[in-house]
Amino acid sequence: GTPLTSTSRLNQKVVVAIVYVSAMLLNTLDTTIINIALSTLAREFDVSPASIESVVIGYLVSLAVFIPVSGWVGDRFGMKRTFLVALAVFTLASLISGFAQSLPQLVLFRILQGVGGGMLTPVGMAMLYRTFPPQERIGVGRILMFATILGPALGPIIGGVILENWPWPWIFFVKVPVGLAALIFGLLFLEEQREDDAGGFDFAGFLLGGLGFAAVMYALSEGPQRGWTSPIIAGTLTAGVVALLLFVRTELRQHEPMIQLRLFENRLFRTTLIVSFFGSAAFIGVLYLV
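Residues numbered from 1 in each chain as written. Predicted model: local features only at pLDDT ≥ 70, side-chain atom pairs only at ≥ 80, totals over all residues. Heavy atoms only, no water.

S.K.: Any details on the packing of aromatic side chains? Residues and values, ideally.
M.R.: Per the stated rule, a full pass over the model turns up eleven aromatic pairs. Measuring from centroid to centroid gives 5.2 Å for F99 and F173, while their planes differ by 50 degrees, and the two rings are tilted. Within this pair, whereas F99 is found in the loop between α5 (79-97) and α6 (103-131), its partner F173 is found in helix α8 (residues 170-173), the two being separated by 74 residues in sequence. For F173, a relative accessible area of 16% puts it in the buried group. Note on W170 and F173: the rings are 5.4 Å apart at their centroids and 90 degrees apart in plane angle, and the pair reads as edge-to-face. Placement of both W170 and F173 in helix α8 is noted, with a separation of three residues, approximately one turn of the helix. Its end group placed over the ring of F77, R76 keeps NZ or CZ at 5.0 Å from the ring centre. In this structure, R110 is placed above the aromatic ring of Y59, and the distance from its NZ or CZ to the ring centre is 4.4 Å. (Phe/Tyr/Trp six-rings, centres within 6.5 Å; stacked < 30°, edge-to-face > 60°. Helix = DSSP H or I, 4+ residues; strand = E, 2+ residues; numbered from the N terminus. Buried < 20%, exposed > 50% of the residue type's maximum accessible area, 1.4 Å probe, protein only. Lys NZ or Arg CZ within 6 Å of the ring centre and 35° of its normal.)

In structure tokens form, the structure reads like this:
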């Protein structure tokens, strides 16, 4: 008979769920595992505890820039292609981070990792919800809970075990096998999802949103160390807020905005995001204290 193609062997619901959960576990694991290693990294690179924070800040700023644009990129170039390229970038950056010889090198590699990580979650979630029909999306929520809770919770445990028994590069190397396995699985079995018309690229929204989110993220991260009255922090925070206000104004006037802010007019959507924000903040905050 006719041989089966690789994409016909597995149900796409199963394929998308496996690839998405694997990528999300990597992304969320990375968020908390690095916190455990900061003091070790400061000693290894002979820098102050305040300086080593740039390893985290560089990653977060990169996330803030690339999360908003990920939806358009996925629609324009295909969800599968975008997701797998983002996963490859994230995995490669994890690998080379372990070979960093100085703090600037490590920060640069972490910024690269943020490019991949910033596109993984939105594109993966879009694939998940396009694959599952509306009546099955409550069940999809269980998949999301598994990925978003288990990763951050395991991060401190895995990070502690690694630093007690192996050299520090293994906090980065440990994610590489999972990333490679998910990448190969996705290449073999994931089907492409593409929008017929992705629309034009909202360059003004990308520029204002990227600058605004990055500046505010930097100011909030560095403020406790440098002091909120520091000219650098006050200036960065002010510039970030102004850029975000202009971003909101621009997006509301755009015919094809990068982020559809008018969705917040929907009461259920707005309320759900508010509840999710406080729930996530409390969960991640407690993990950080632990």
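S.K.: How would you sum up the packing of helix α4 (residues 70-77) against α5? Please name residues and give values.
M.R.: Following both chains from N to C, one finds α4 and α5 inclined at 125 degrees, their axes separated by 6 Å at the closest point. What the angle tells us is that α4 and α5 run oblique. Between α4 and α5, the contacting residues are G71, V73, G74, D75 and F77 on the first element and M79, R81 and T82 on the second. Its residues assigned to classes, the contact of α4 with α5 shows three nonpolar, three polar and two charged. (Axes fitted to C-alpha atoms, helices over the stretch in contact; angles between N-to-C directions. Parallel < 35°, antiparallel > 145°, perpendicular 65-115°, else oblique. Contact = heavy atoms within 4.5 Å. Nonpolar A, V, L, I, M, F, W, Y, C, P; charged D, E, K, R; others polar.)

S.K.: Tell me about the packing of α4 against α6, and please be specific about residues and values.
M.R.: Between α4 and α6, the shortest axis-to-axis distance is 9 Å and the interhelical angle comes to 60 degrees. In this view, α4 runs oblique relative to α6, as classed from their interaxial angle. With respect to the hand of their crossing, α4 and α6 are arranged in right-handed fashion. For the pair formed by α4 and α6, the contact residues are S70, V73 and D75 on the first element and G118, M119, P122, V123 and R130 on the second. Residue composition of the contact of α4 with α6, by class: four nonpolar, two polar and two charged. (Left-handed = near helix turned anticlockwise from the far one by under 90°.)

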